[in-house]
Amino acid sequence: MAILGKIRQRSFILIVIIALALFSFVLADVIQSGGFSQSSNNVGSINGKDIPFEEFRIKVGNTEKSGQGMSNIQAVNQVWNQEINLALLTEELDKLGIRIGENHLIETLKADPNLGQNPSFQNELKQFDINKYREYIKSSSNPDEVKYFESVEENANINAKYQLYSGLVKSGFFTTQNDAKFKYNVENKKVTFDFVAVPYSSVKDSDVKVTDDEIIDYMKKNEKKYKADETREIEFVVIEDQPSEADRSEIKNKLNSFLSPRVVYNKETNSNDTLPSFSTTSDVIKFVNENSQFPYDSTYVAKSDLPAEHAESIFNLADGQVYGPYQYGDYFAISRSMGRRAGAKARASHILISFTGSRAQPKEDRTKEEAKVKAEGILAQVTANPDSFTMQAFSVSEDQGSAQKGGDLDFFGPGQMVPAFNDFVFNNPIGKVGLVETEFGYHIIKVTDKQDAIRLATIAQKIEASEKTSENAYTNAVKFELAANEKSFEAAAKEAKLTVNPSIRVKALDEMLGQYGSQRQVIRWAFEKDTDVNDVKRFELPKVGHLIAKLKKINEEGLLAIEDARIQVEPILKNKKKAEKIMAKMKSSSLEDIAKANAVQVQTATDVTLENPSVASAGYEPKVVGTAFGTAENKISAPIEGNASVFVVKTTKIVEPLPTKDYTKQVNTLKSQNASAVGRVFGALKDKAKIKDNRLQFNY
């Protein structure tokens, strides 16, 4: 209905032209908003366990509110993955019969800082007390709070079980002496071999052809690698609703009108009044507040805080003088100087020595008296040697933020620092060094710079499209939408002199649409059941204008689309065909003859290991090195399809590793690799799970 509401604001002729066409769009929106397409109350299931949509929605909402800056769809995806992991882990723990005792649960609750460090749950020794925790929950009259703590305890229970489970998984991976010995051999057994390498590039691409059927057959043999989700391809045009040059001129003219006295009609006196200009008005604050989109601000502003290209002119205004109109971001403005203040901003460096009980954490326990003695000692050093201040700040200051910058705090205004610090800096000249006590500790302060500042009265008007400009953009967008539904999208765009953006492929739960960022509404439309290929629809983009989208193609779930697969698979299949041609010219018992027949040189690889199977001038070639190890000395191998070339090798020497009984290094390396095995658990469980995803049935 929002569409018709906007049309009513436009001309009657426009309504007559498009009313019937829009009726079907409105009806479709009503059906969708009524949820008629929804076929399940569950957002999905994991191994037969349903996930109710309402519970899922609440978790998504809580995740969005968590303050992590997530979009709605990011929260949906995160919660979905969490639900999968939680369901699979719970099922696995139950299947294995893993249980925990009360003490294990208490330790897990204690480890949560929100519980373990909460005074409400601590005893007189400031230790977590499970009885106080349980009493608090029992006495709570807030059902939401009780439910929250129930979920906390449930999660703690699962976490405690997972700790046991991960310990069992880790203990299942052990390193034997034979494992370490094998690794030692892989690292130290060396092979030297001569080889001929004929690169695939020696055969022209035009000499080998790869058909679509060959690509499909290859993907079917490697189905897991080339599996693709269902996708949609969308192309679109954008008609911007941006201020025109006429709009910009109108705003500037309005500001210019404030620079001279104005004559306005007074209804009360039935006569014309002459209003003062911005530079002559006696009530500047009222003048600004009546005519600016921002209220009067009495803050003093340093030159560095002014817009760079206008800073010099504005900062040097005489008292009462006006500058502008000038552009500042998305606004046109005029500014009047309201006076100047010397030293309005200051810059200082400090070295902080805190003490136990102060607001800043000391690096070591010390009393207030000890902190003062240490600070006085540092003051004496920097007074005697001013150049040492920066190094002292680096090494001893307990304000970590400024210590990394040699104690520098950059520029700040009056009142931004605690009173004693503020007073010292603003009441002393540049170069002054002194000691000040605050609630953070003792500060050795050095005043490093001061800036004059001016106070400005500024009238600002945002540069935005006028109603006429917005109406023209809307009319053009609707006309294009209608035209694109009647003829080809490209023809309509050409006729309207609009650029069609290259098509973008999106998945069902994507939200980003190229340079236009999050456009979930467009992607959701593309995946609706009633949206067919070549359908066209207009969308409003806040602060941009109108996007008219066309559903160009539907790629069903299954193997990758041929055009996408070709980029990945064609080089592989071409190399296989090139290898056949190259191998046909490698039928000889002599490396020299093979090299001559292929116009290459015989090369040598020296002391190569399986641990690092890189061949000089040929790159990473594990197949080639493995073949060299497996070929008898002075024998020539069969041709080998390598990564970049076809090889033939002749092994000349294999050097066995020196005998040793100390495999400590290898044992430690293998243990470190095994320690990460528990991280692969969820992937393995997910591969075997039966997961049904109904998220697309619900609007996000």
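All values reported here derive from a predicted model rather than from experimental measurement.

### Observations concerning the pairing of strand β2 (residues 49-52)
Remember that side chains alternate between the two faces of the sheet whenever the strand is regular. Summarising the sheet, strand β1 (residues 42-46) and β2 pair through 4 bridges and their orientation is antiparallel. Across the sheet, the residue bridging to S45 is D50, located in β2. Counting the residues in the hairpin turn of β1 and β2 gives 2 residues, including N47, whose phi is positive at 50 degrees.

### What to know about the nonpolar core
In terms of nonpolar packing, the biggest core is built from 27 residues, with V43, F56 and Y165 touching the most fellow members. Of all the elements in the fold, those that place two or more residues in this core are β1, α3 (53-64), α4 (72-96), α8 (143-172) and α25 (681-688). Per-element tally for this core: the top contributor is α4, with 10 residues. If you look at the next biggest cluster of nonpolar residues, it comprises 17 residues, including Y516, W525, F527 and L547.

### Describing the sheet that holds strand β16 (residues 545-555)
Strand order in the open sheet made by the 4 strands is β14-β5-β16-β15, with antiparallel pairing throughout. Strand pairing shows two members of the sheet lacking a second neighbour, β14 (501-507) and β15 (536-541), which therefore form its edges. The average undirected angle you get between the axes of adjacent strands in this sheet is 35 degrees. Set on the sheet, helix α18 (residues 467-486) makes contact with β5 (231-240), β15 and β16; between it and β15 the angle comes to about 160 degrees.

### Looking at α4
Here α4 contains 25 residues, and its C-alpha end-to-end distance of 36 Å stays within 8% of the 36 Å for a straight helix at 1.5 Å per residue. All buried positions along α4 are accounted for by I73, A75, V76, V79, W80, E83, I84, A87, L88, L89, E92 and L93. G97 occupies a position one or two residues after α4 and carries a positive phi of about 70 degrees.

### Focus on the packing of aromatic side chains
Within the structure shown, the criterion is met by 25 aromatic pairs. When the ring of Y323 is compared with that of Y326, the centres are 5.5 Å apart and the planes differ by 40 degrees; the resulting orientation is tilted. With a relative accessible area of 22%, Y323 lands in the partly exposed category. Taking the relative accessible area as the measure of exposure, Y326 reaches 6% and is therefore buried. Connected via pairs of aromatic rings, a cluster forms that spans F121, F128, Y133, Y136, Y148 and F149.

### With respect to helix α15 (residues 389-396)
What sets the pattern is the α-helix's 3.6 residues per turn: residues three or four places apart point alike. Buried within α15 are the following residues: F389, Q392, A393 and V396. End-on view of α15: buried residues confined to an arc of 100 degrees, all on one side of the axis.

### Quick word on the environment of A599
Structurally, A599 is set in the loop between α22 (591-597) and β18 (603-608). A relative accessible area of 71% places A599 in the exposed class. Separated by 391 residues in the primary sequence, A599 and V208 have C-alpha atoms spaced 20 Å apart.

### A closer look at unusual backbone geometry
Here G324 and P325 are connected by a cis peptide whose omega angle stands at 0 degrees. With respect to the helices and strands, the residue P325 is situated in strand β9 (residues 322-328). With phi around 50 degrees, D607 is a residue other than glycine that occupies positive phi space. With respect to the secondary-structure elements, D607 resides in strand β18.

### A few points about the sheet that holds strand β23 (residues 691-693)
Here we have 3 strands laid out as an open sheet, ordered β2-β1-β23, and antiparallel in their pairing. Across the chains shown, the open sheet's two edge strands, defined by having one partner strand only, are β2 and β23. Averaged over all adjacent pairs, the angle separating strand axes in this sheet is 20 degrees, with direction ignored. Helix-sheet contacts for α4 involve β1, β2 and β23, and the interaxial angle to β1 is about 35 degrees.

Procedures and definitions
- Residues numbered from 1 in each chain as written.
- Predicted model: local features only at pLDDT ≥ 70, side-chain atom pairs only at ≥ 80, totals over all residues.
- Heavy atoms only, no water.
- Pairing = 2+ DSSP bridges.
- Helix = DSSP H or I, 4+ residues; strand = E, 2+ residues; numbered from the N terminus.
- Core = buried A, V, L, I, M, F, W, Y, C linked by side-chain atoms within 4.5 Å.
- Buried < 20%, exposed > 50% of the residue type's maximum accessible area, 1.4 Å probe, protein only.
- Axes fitted to C-alpha atoms, helices over the stretch in contact; angles between N-to-C directions.
- Contact = heavy atoms within 4.5 Å.
- Expected span 1.5 Å × (residues − 1).
- Phe/Tyr/Trp six-rings, centres within 6.5 Å; stacked < 30°, edge-to-face > 60°.
- Arc of directions from axis to C-beta.

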